[in-house]
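Residue-level listing of the chains:
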Amino acid sequence: MSLDELHELSLEQAPSKKKKITLEKFLQQFNTLDMNSYGSWPLSVKITCWIFIFFAVLALGYFVAIQPKLQAIDNAQAQESNLLNEFREKDSKLRNLQQYQLQLQEMQANFNQQLEQLPKETEIPSLVEDINLTGVNSGLKFKNIRLEDEVKQEIFIEQPITIEATGDYHAFGAFVSSIAALPRIVTMHDFVVEAAPVKDSKSDIPVLNYAIKAKTYRYMGASESQNNNDSQGINGENQANTSDSHNVNIPSIKKSKRK
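Criteria and cut-off values
- Residues numbered from 1 in each chain as written.
- Predicted model: local features only at pLDDT ≥ 70, side-chain atom pairs only at ≥ 80, totals over all residues.
- Heavy atoms only, no water.
- Helix = DSSP H or I, 4+ residues; strand = E, 2+ residues; numbered from the N terminus.
- Polar contact = N/O pair within 3.5 Å; in protein donor to acceptor, adjacent residues only side chain to side chain.
- Patch = residues over 30% accessible without salt bridge, like charges linked within 9 Å, V, L, I, M, F, W, Y side chains within 5 Å.
- Areas by Shrake-Rupley, 256 points an atom, 1.4 Å probe, with all protein chains shown as cover.
- Salt bridge = Lys/Arg side-chain N within 4 Å of Asp/Glu carboxyl O.
- Contact = heavy atoms within 4.5 Å.
- Core = buried A, V, L, I, M, F, W, Y, C linked by side-chain atoms within 4.5 Å.
- Buried < 20%, exposed > 50% of the residue type's maximum accessible area, 1.4 Å probe, protein only.
- Expected span 1.5 Å × (residues − 1).
- Phe/Tyr/Trp six-rings, centres within 6.5 Å; stacked < 30°, edge-to-face > 60°.

Draft legend 1. Examining the side chain of Thr-162 more closely. The topology assignment puts Thr-162 in strand β3 (residues 156–167). Within polar-contact distance, the side chain of Thr-162 engages the side chain of Glu-148 at 2.7 Å.

Here it is as structure tokens:
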């Protein structure tokens, strides 16, 4: 065997060096691809395309199939939380229903008791007599007790009572205390206190003139409330008609002035 043959044999047995693939050569492989011959593509290009397709399918599946399901789960959890809160609230009300009913009965009894303290329309004269008797027993001397016009509120009616009397401080204090102890509701307003002329110089207790406006109240029934609403509606229509008639008459006055 000659030296040339030995050299060739050694070259064949020597391990072949691997070729290094650079990024530029890798990108150049994509530019030279034949779209009609997939089998001839390099293995590195095939693996890259498979990875890209895999992640694309994952993203598409997430946004198309998984994300709506996750949103539906979040909505269902929020609805579950709201339903649980509503259930707890109703359960609490149900457990306290008996207590609420007892409170309602107590409130109704208190309301009826307050209504009983309001005088009826036929009891106003007797209430005035009670006020007069209370003042006389307290030591006041009445000059005048006069019923004023009723004042209708939303659900009740005020009955003002003007009281003019004379007496000392002690008599007036006893009178106010006795009024507060009456079985009917009576409130005191607009106090006017003036010193009276001294007629008896022997007495050290000054005599004063009192002018008081007392108010009592009575409940407005359903029929009276309806009549009050009807009267307010009629008054509103009358005001509207009056304003319309004024608007109509204004041009005629202007025309007469022009003539």
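Draft legend 2. Representation of a nonpolar patch on the surface. Residues Leu-43, Ile-47, Trp-50, Ile-51, Phe-54, Phe-55 and Leu-58 make up a contiguous nonpolar surface patch of about 750 Å² in total accessible area. Take Leu-58: it is sitting in helix α3 (residues 43–95).

Draft legend 3. Region of the structure containing the environment of Ile-155. With respect to the helices and strands, the residue Ile-155 is situated in the loop between β2 (151–152) and β3. As a C-alpha pair, Ile-155 and Met-220 span 65 residues in sequence and 5.4 Å in three-dimensional space. Contacts of Ile-155, omitting those with residues within four sequence positions, involve Tyr-219 and Met-220.

Draft legend 4. Summary view of the nonpolar core. Of all hydrophobic cores here, the largest spans 18 residues; its most connected members are Ile-131, Ile-163, Phe-175, Ile-179, Met-188 and Ile-212. Put simply, the parts of the chain that give this core at least two residues each are α5 (124–138), β3, α6 (169–180), β4 (186–195) and β5 (208–219). Once residues within four sequence positions are removed from consideration, Ile-131 is found in contact with Phe-142, Ile-161, Ile-163, Phe-175, Ile-179 and Leu-182.

Draft legend 5. Quick look at the side chain of Thr-216. With respect to the secondary-structure elements, Thr-216 resides in strand β5. For Thr-216, the side chain forms a polar contact with the main-chain oxygen of Ile-185, separated by 3.0 Å.

Draft legend 6. Structural view of α5. The end-to-end C-alpha separation of α5 is 21 Å, in line with the 21 Å expected for 15 residues at 1.5 Å each. Of the surrounding secondary structure, the elements contacted by the buried residues of α5 are β1 (141–147), β3, α6, β4 and β5. Looking one or two residues past α5, Gly-139 carries a phi angle of roughly 105°, positive in sign.

Draft legend 7. Looking closely at the pattern of salt bridges. Evaluation of the coordinates by the stated rule reveals 5 salt bridges. Taking the shortest distance from any N to any O, the salt bridge between Arg-95 and Asp-91 comes out at 3.0 Å. Within this pair, Arg-95 and its partner Asp-91 are both found in helix α3, separated by 4 residues, close to a single helical turn. Residue Asp-91 is classed as partly exposed on the basis of its relative accessible area of 24%. Put simply, Lys-215 and Glu-158 hold a salt bridge, and the shortest N to O gap is 3.6 Å. Linking Lys-215 in strand β5 with Glu-158 in strand β3, this pair joins segments that are 57 residues apart in sequence. Lys-215 gets classed as buried once you look at its relative accessible area, which sits at 19%.

Draft legend 8. Here's a closer look at the packing of aromatic side chains. The full count for this structure, using the stated rule, is 6 aromatic pairs. A ring pair is formed by Phe-172 and Phe-191, whose centres lie 5.9 Å apart and whose planes are at 90°; its orientation type is edge-to-face. Of this pair, Phe-172 sits in helix α6 while Phe-191 sits in strand β4, and the two are 19 residues apart along the sequence. For Phe-172, a relative accessible area of 14% puts it in the buried group. The exposure class assigned to Phe-191 is partly exposed, which follows from its relative accessible area of 42%. Between Phe-172 and Tyr-210, the ring centres sit 4.3 Å apart and the planes meet at 5°, which makes this aromatic pair stacked. With Phe-172 in helix α6 and Tyr-210 in strand β5, this pair connects stretches of sequence that are 38 residues apart. By relative accessible area, which is 4% here, Tyr-210 ends up buried. Taken together, the ring pairs in this structure connect Phe-172, Phe-191 and Tyr-210 into an aromatic cluster.

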